[in-house]
Structures are given as structure tokens and as C-alpha cells.
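Residues per chain, in single letters:
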Amino acid sequence: MADRRIDCPTCGRSVRFDHGGEAPFLPFCSRRCRLVDLGKWLEGEYRISREMTGDDFLEEDHFNSDQIE
Ligand SMILES: [Zn+2]
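From a predicted model like this one, the values you see are computed outputs, not experimental measurements. (Residues numbered from 1 in each chain as written. Predicted model: local features only at pLDDT ≥ 70, side-chain atom pairs only at ≥ 80, totals over all residues. Heavy atoms only, no water.)

1. Remarks on the overall build of the protein chain
Here is step 1: The secondary structure content of the protein chain amounts to two helices and two strands.
Here is step 2: The N-to-C order of helical and strand elements in the protein chain reads β-β-α-α.
Here is step 3: Across the 69 residues that make up the protein chain, the buried fraction comes to 7%.
Here is step 4: The long-range share in the protein chain, meaning contacts at least 24 apart out of those at least 6 apart in sequence, stands at 9%.
Here is step 5: Summing over all exposed atoms, the protein chain offers an accessible surface of approximately 6,300 Å²; the carbon and sulfur share of this is 52%. (Helix = DSSP H or I, 4+ residues; strand = E, 2+ residues; numbered from the N terminus. Buried < 20%, exposed > 50% of the residue type's maximum accessible area, 1.4 Å probe, protein only. Contact = heavy atoms within 4.5 Å. Areas by Shrake-Rupley, 256 points an atom, 1.4 Å probe, with all protein chains shown as cover.)

Shown next, in the form of C-alpha cells:
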């Protein structure tokens, strides 16, 4: 167990790092991949809020009335 390997979530490359070594971008292989993943995440959040429709509010409304009852 001297070293461990992980798959970079962004590019899928296998990253090997020593147990004692510094791996500042884990679980990513590089700073770039970390930034790309962060960008994806933010973009997804943005898209989700943009796609919020009346159904989302209806569901929440229903949930609230359930709680009141
Ligand atoms: Zn990567």
C-alpha cells in the first residue's frame, strides 16, 4: 500500500500518487481537470435552476400542505 491509484473524474486518467507525497489536486490529476469539473458542476447547477418549472413549485406546495395537515 505504498501508493494508491485513482481515476481522475474529469479525464478518466489513472492517477498514481505516493502515500507520503503531496497530491494537491486530488481526486483530479491536475489543476486543469479540477477546474473543468468545478465548471461542469456550476454549469449543471445553473441549468437546473433555469429548468425549474411550475411542476417544481407545485410539488413543493403539495409537500408543504402535507406538513401543515
Ligand atoms: Zn484529469
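Back to the write-up after that little detour.
2. Examining the coordination of the zinc ion
Here is step 1: Coordination sphere of the zinc ion, protein contribution only: C8 (SG), C11 (SG), C29 (SG) and C33 (SG), at 2.3 Å.
Here is step 2: Metal-centred angles of 106 to 114 degrees between the four donor atoms at the zinc ion mark the site as tetrahedral.
Here is step 3: Spacing between the donor residues of the zinc ion along the chain follows C-x2-C-x17-C-x3-C. With C11 in the loop between β1 (3-7) and β2 (14-18) and C33 in helix α1 (residues 31-50), this residue pair connects regions lying 22 residues apart in the sequence. (Donors = N, O, S within 2.8 Å, 3.2 Å for Na, K, Ca; no water. Tetrahedral: all angles 85-135°; square planar, octahedral: opposite > 155°, others 65-115°.)

3. Considering the confidence of the model for the protein chain
Here is step 1: Looking at the protein chain as a whole, its pLDDT mean stands at 74, while 54% of the residues score no less than 70.
Here is step 2: Taken element by element, the protein chain is modelled with least confidence in helix α2 (residues 54-68), mean pLDDT 57, and with most confidence in α1, mean pLDDT 81. (pLDDT = per-residue confidence, 0-100.)

4. Observations regarding a nonpolar patch on the surface
Here is step 1: On the surface, L35, L38, W41 and L42 cluster together to form a nonpolar patch covering roughly 440 Å² of accessible area.
Here is step 2: Relative to the assigned elements, L38 resides in helix α1.
Here is step 3: L38 sits in the partly exposed class, given a relative accessible area of 45%. (Patch = residues over 30% accessible without salt bridge, like charges linked within 9 Å, V, L, I, M, F, W, Y side chains within 5 Å. Salt bridge = Lys/Arg side-chain N within 4 Å of Asp/Glu carboxyl O.)

5. Points about the environment of L35
Here is step 1: Relative to the elements of secondary structure, L35 occurs in helix α1.
Here is step 2: On the basis of relative accessibility, which here comes to 49%, the residue L35 falls in the partly exposed class.
Here is step 3: Distance from L35 to F25, taken between C-alpha atoms, is 9.7 Å for residues 10 residues apart in sequence.

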